[in-house]
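Chain by chain, the residues run as shown.
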Amino acid sequence: MSTTELLDVHPSSRIHPAPQGFISKYVFSLDHKVIAVQYFITSGLFFVLAGLLAELLRVQLTQPHNTFLDSATFNEAFTVHGSSMVWLVTIPVLTGGFGNLIMPLQIGARDVAYPWLNMVSFWLFPPAGILLFGSFLLGAPQAGWTEYPPVSVLASPGTSMWCAAIFLIGISSTITGINFLVTIIKMRAPGMTWTRMPLFVWASAVTAFLNFIATANLSISLAVLFMQRVFHVPFYDPTRGGSPILWQHMFWFYSHPAVYIMILPAFGIISEVLPTMVRRPIFGYKAIAYSSVAIGLVSFMVWAHHMFTSGLAQWIQLPFMIMTMIVAIPTGVKVFSWVATLWGGRIRFTTPLLFALGFLSTFTFGGITGVFLASVPVDVHEHGTYFIVAHLHYVLFGGSIFGMFAGLYYWWPKMTGRMLNETLGKWHFWVMFVAFNATFLPMHWLGLLGMPRRVATYDPVFHGTNLFVSISAFVLGASMLIFAFNALRSARFGKPAGPNPWGGRTLEWMIPSPPPYYNFKELPVVVSGPYDYGKPLPYRNIDPAIMQLADAPAY
Amino acid sequence: MDDAAYAEQRDIRLLGFLFFLVSDSIFFGSLIFAYLYLRNSSPVWPPPGIERPDVYLAAVNSVVLFGSGVTMHFAMEGMRHDRKRRFVGFIVATIVLGALFVGGQVIEYVKLLPVDKWAGSTFGASFYTLTGMHGLHVSVGVVFLTTVLIQTLRGTYTKDRHFGLTAATLYWHFVDIIWVALFFLFYIY
Amino acid sequence: MSKRPEEFRLDAGFWKVTGVLGIISALLMIGVAVFPIDSVLREASSVSTSIDFLFRFMAFFSVPIIVFVNGYIIYFAVRYRRRKDEPIASVGSPIHDHRALENTWMVVPTILMVVLGVLSYLAIPQYYLRGKDSAATLEAIGHTFYFEFRYPGLSHSVDEDLYLPVGVPVTIDLTSAEADEHLAVIHSFWVPEFRVKQDMIPGMIVPIHFTPTLIGKYDLICTEFCGVGHSEMRGHVLVVSRADFDAWYAGQQKSAAAKGARTIKLAAGNVSSGQAIFSQKCTACHNAAPFDQRKVGPGLENLFHDPAHPNLVDGKPANAADVAWILEHGFQGSMGAMPNQQANGLSSKDIADLIAYLQTLK
């Protein structure tokens, strides 16, 4: 088939007219790149707010019986902290932010399948955030991001606002999930078979699937909780034939896949950063791609490992224990493949690479403590303690957030046309990496020795460790300021990046930075996979001047 | 827009709509799980003081809804074979039958008043939530079909370009299938 | 050093580093194997040792994974860094995969998981079954925000401090309750030094089973968020010698209604009203027949005198207060769950009437 014939198969190859006017260009934009920036800014704001809440918690916990926050305020703080970090930060930034910015570029498309729905997805997000933080006005929810009834039915008027907020985010996620999976299935550039797709796209595809399958269940759980609070229906009410355990099943059936929604895109980011900074193919492409699918499917079969102390019958606990152990295997395969990618490379220690290495270290540790928790008898001792707090932060912060920063430093030049300062980036990384471990590693110890979670006061025997953790947490928070300063500074002082400062080989690096609204002047044709460093680039219809840059990284 | 562009766009929209229906199935699946869980944890079902709703009205209503599925099928055939009058006739029939179903549900609800007795029990709460969610879907479907009818009369939908109708047909059959499950769960099982 | 490895070959440097990492792992693994867990957290129950063993097993195999992953990251980062004199565009090895290696790192963890799964499975049964060899069944009830304990044979409950005799297997039925049913929330019963934890869930009675093996005073901690008092919801478990326990128990029996007493004062009920309520609400599951003629629940004839009626509440044949307690809270029986007062739509007067009627069934 000639190139022209191939292009005729894709009518979407035609360039639509440029958007006009401030509102169309920057407010209700239909451009996936602008929407991505909107997501980054909004989730960045909530990251700061949720992080501040965490710092308030740590101030309270500098002393065993501190009076900095009263018990109710403390409870509100950890609940809104957790809920925002999950629903207003990690999910939006990884899916709405990186997914929107990079996925369409990597598949050689002009936009996503439903640009208008993409815009709607975003605009559900700020109201959700306002509702969640607005709940402080009425009395924010206090029962943690998991909001188990009966407490969540009885207490805190703001819990109803919490239900509404998360419901809105759920609709946003569901729409985005459908949008992205259709985009990936239907709108890849000619010649881009599934096994020639970048690994970030594989990750986005599985995440998208999880998004529209699992989130529907969350919406129902929230709606029922809301109805019980407002209309007194008895679903979760044990005094009228209902069951609080029903909520736990329904909530975790979504929330376990949700943690994979939060980590898979980060896995994808690592799979992109490593080959570029090591300048060799990713090791085990097929293993990484297929293991993502395996993780996605198995993620639906493990939810009750959050409920091992909830009085489940033994015959139920067993299969969940087994499936949870099984899901660790594909994850391990990825980690080993990433480490093997470093072998034989020509590694350049750029900031994105440092964050990728940091991710490998911290996420692996978090994954291992997850295996501890898979075992029912061991989980019984560790459930509901600081061991869980440690584990979840190692995988969500050490995993998702380190991955997020790797992606931010990596794709900042593509998004803005400017480089972030490398020296500041390295300071950010090292302070954050050390402070992160100092904050969360001791928490394993605290949990094992008897400190429960969600407590504003604790046994004085844990004072020293908690004080150390709090101080480390303050340093960790401060490290974010380095990034903020770097980001703002780059607008004026960041070096112009050009199309491909890192020498990457995926399609987003084959167009100018920032990309024009139509992305590709002519849709590229793909003849093989993207990670074959040392071989010619596998694309046609790309500007040769830009193609050359893949062999001439500046950093 | 030319045929190739239309075909591509239809393809993209259809896949997304199918994914939407899958998501919607999970939506109902969650509630059905909740119902089965509550039922399973209760030694006596329905709970003391609640009688099962009468199956006859629901059976009649079911026939109405399944009938509307049949008329929907023939409406689609009409569109595909460019037989406009046939299409209009059958789609109007579908709309009417759909509206009758919703009416039948309203009558069922009225018969079961007072709401408190029902909403206060796990059987009632599940019943109202599931059939209410379904009824909402049927109502939206009726509006959807009316829009399709109007678009056809205006000439937007033709024998070769009628994605809206394709989506509406899939949606309508989906709503039927959900009702099979609900009817079985609440009135038979 | 600037030679590109076209095939997959691990050089001498790699094996040296592997050896070093191996030694580090081995030392740490030995440390894990011998670490005296009970010196940082006492092992005070029959289940502690098996859980600590499992934990130690997992830590033992986690060490090499952590050491080698981090070790190789650091080694590869140093060994395969672009040297200053190499062009910035230097390309690394073109190797995409290595079947044998990939299969190995899939199979070995799988085997480890299987072993871990089996060991975990073997440790589970100790926990949750109602112990056949239990000397006693106690109840622990979570309230906002304190623990209440009920012993067989004591007509009043004990708060905060759970006394247990050392070396005696015990089953504890856990639940959660409040004076106003609607306010009961989930709590959790956690004794770190026993390695025992189980949620206390309103509407359910969940048993745990273990034997305290070490005399001492242990923290009892609520570990499921239950409201503003969650941080402060604590108690103690005091494991004492059998002689001391008997002395304590005898002292409890002698003392008058202690704090938190749950004796229920019932007004005299109306027998015929009770009969009407019985036929309307109870006959779905019960009948006025001997105990073993079950419908769903047991027959209720001779409820107050027939020793066949098991000790549902406090180890002796049912008295009026016990039956009232069951009618109020419901019961998780072997055949299903008996609904509680609210679900059955019973008022306090209805309960009194029912009891009066049941007392006539001989």
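Look above for the structure.
Residues numbered from 1 in each chain as written. Chains lettered and ligands numbered in written order. Predicted model: local features only at pLDDT ≥ 70, side-chain atom pairs only at ≥ 80, totals over all residues. Heavy atoms only, no water.

Q: If you had to explain the overall build of chain A to someone new, which residues and values would you point to?
A: Along its length, chain A carries 18 helices and two strands. The globule rule puts the C-alpha radius of gyration for 555 residues at 24 Å, and the 23 Å found for chain A is close to it. For the C-alpha atoms alone, the extent of chain A along its principal axes is close to 70 × 50 × 45 Å. Residues classed as buried in chain A amount to 71% of the 555 residues present. When contacts within chain A are restricted to residue pairs at least 6 apart in sequence, long-range pairs at least 24 apart make up 82% of them. Of the side-chain charges in chain A, 28 are positive and 19 negative, and the distance between the mean point of each set is 9 Å. (Helix = DSSP H or I, 4+ residues; strand = E, 2+ residues; numbered from the N terminus. Rg over C-alpha atoms; globule rule 2.2 N^0.38 Å. Buried < 20%, exposed > 50% of the residue type's maximum accessible area, 1.4 Å probe, protein only. Contact = heavy atoms within 4.5 Å. Lys, Arg positive; Asp, Glu negative; His and termini not counted. Charge placed at Lys NZ, Arg CZ, Asp CG, Glu CD.)

Q: Tell me about a nonpolar patch on the surface, and please be specific about residues and values.
A: Residues and elements named next belong to chain A. Taken together, the side chains of F22, I23, Y26, F28 and W123 define a hydrophobic patch exposed on the protein surface, amounting to about 550 Å² of accessible area. With respect to the helices and strands, the residue I23 is situated in helix α2 (residues 22-27). When its relative accessible area of 49% is taken as the criterion, I23 is described as partly exposed. (Patch = residues over 30% accessible without salt bridge, like charges linked within 9 Å, V, L, I, M, F, W, Y side chains within 5 Å. Areas by Shrake-Rupley, 256 points an atom, 1.4 Å probe, with all protein chains shown as cover. Salt bridge = Lys/Arg side-chain N within 4 Å of Asp/Glu carboxyl O.)

Q: Which residues make up the pairing of strand β6 (residues 187-191) of chain C, and what are the values?
A: Residues and elements named next belong to chain C. β6 sits mainly inside the fold: five of its five residues count as buried. In β6, alternate side chains face the same way, and those of H187, F189 and V191 on one face and S188 and W190 on the other are all buried. Linkage of β6 to strand β7 (residues 196-200), two consecutive antiparallel strands, is achieved through a turn of four residues, within which R195 is found at a positive phi near 60°. (Pairing = 2+ DSSP bridges.)

Q: Please give an account of the pattern of salt bridges that cites residues and values.
A: A full pass over the atoms with the stated rule returns 16 salt bridges over all chains. In this structure, C:E86 engages A:R346 in a salt bridge whose closest nitrogen and oxygen atoms are separated by 3.1 Å. With C:E86 in the loop between α3 (48-79) and α4 (99-123) and A:R346 in the loop between α12 (314-342) and α13 (351-374), the pair connects residues from two separate chains. Exposure class is identical for C:E86 and A:R346. Each is buried. Measuring nitrogen to oxygen at the nearest pair gives 3.3 Å for the salt bridge that ties B:D54 to B:K111. You can see B:D54 sitting in the loop between α1 (3-40) and α2 (55-80) and its partner B:K111 sitting in helix α3 (residues 84-111), a full 57 residues away along the chain. One network of salt bridges, with partners in common, ties together C:E139, C:E148 and C:R150.

Q: Explain the interface of chain C and chain B residue by residue, including any values.
A: The interface is formed by five residues belonging to chain C together with four residues belonging to chain B. Both faces combined, the contact of chain C with chain B buries some 370 Å², and carbon together with sulfur accounts for 74% of it. Summed over the shared surface of chain C and chain B, the result is zero salt bridges. Joining chain C to chain B, the criterion identifies zero residue pairs in polar contact (both at pLDDT 80 or more). Considered class by class, the residues forming the side of chain C that touches chain B number four nonpolar, one polar and no charged. (Buried area = accessible area lost by both parts, 1.4 Å probe. Polar contact = N/O pair within 3.5 Å; in protein donor to acceptor, adjacent residues only side chain to side chain. Nonpolar A, V, L, I, M, F, W, Y, C, P; charged D, E, K, R; others polar.)

Q: Which residues make up α12(A), and what are the values?
A: All names here are of chain A. Taking 1.5 Å of rise per residue, the 29 residues of α12 would be expected to cover 42 Å, and the 44 Å separating its terminal C-alpha atoms lies within 8% of that figure. Summarising burial for α12: 21 of the 29 residues are buried, a large majority. Among the residues trailing α12, G344 stands out with phi positive, at a value near 70°. (Expected span 1.5 Å × (residues − 1).)

Q: Describe in detail the interface of chain C and chain A, supporting the description with residues and values.
A: The interface of chain C with chain A comprises 91 residues on the first partner and 94 residues on the second. Both faces considered, chain C and chain A share a buried interface measuring about 7,300 Å² in area, 69% of it formed by carbon and sulfur atoms. When the buried area of chain C at its contact with chain A is split by residue, C:Y80, C:W105 and C:F225 rank highest and sum to 10% of it. Summed over the shared surface of chain C and chain A, the result is one salt bridge. Where chain C touches chain A, the interface holds 24 residue pairs in polar contact (both at pLDDT 80 or more).

Q: Give a description of the environment of A:A406 that names residues and reports values.
A: Residue and element names in this part refer to chain A. Structurally, A406 can be placed in helix α15 (residues 386-416). Considering only alpha carbons, one finds A406 and T351, 55 residues apart in sequence, at a separation of 7.3 Å. In contact with A406, other than residues within four places in its own chain, are I269, I270, V273, P352, F355 and A356.

Q: Can you explain the packing of helix α10 (residues 244-278) of chain A against α13(A)? Please cite residues and give values.
A: Residue and element names in this part refer to chain A. Orientation of α10 relative to α13, taken along the N-to-C sense of each, is 130°, at an axis distance of 9 Å. The angle between the axes of α10 and α13 places the two elements in the oblique class. Seen from above, α10 lies across α13 with left-handed handedness. Along the contact surface, α10 presents I263, A266, F267, I270, V273, L274, M277 and V278, while α13 presents P352, L353, A356, F359 and F363. Residue classes in the contact of α10 with α13 are distributed as 13 nonpolar, no polar and no charged. (Axes fitted to C-alpha atoms, helices over the stretch in contact; angles between N-to-C directions. Parallel < 35°, antiparallel > 145°, perpendicular 65-115°, else oblique. Left-handed = near helix turned anticlockwise from the far one by under 90°.)

Q: Describe the nonpolar core, and please don't skip the residues or the numbers.
A: One finds A:W87, A:F405 and C:F189 to be the most contacted residues of the largest nonpolar core, which totals 319 residues. In terms of residue count, α10(A) provides more of this core than any other element does, 21 residues in total. Here this core spans two domains, since at least three of its residues come from each of domain 1 (8-80 + 99-123) and domain 2 (136-259) of chain C. In contact with A:W87, other than residues within four places in its own chain, are A:P92, A:F125, A:W145, A:W162, A:I166, A:I169, A:L218, A:F251 and A:Y254. In terms of nonpolar packing, the next biggest core, distinct from the first, is built from 16 residues, C:F278, C:L327, C:I351 and C:L354 among them. (Core = buried A, V, L, I, M, F, W, Y, C linked by side-chain atoms within 4.5 Å. Domains from an automatic or database assignment.)

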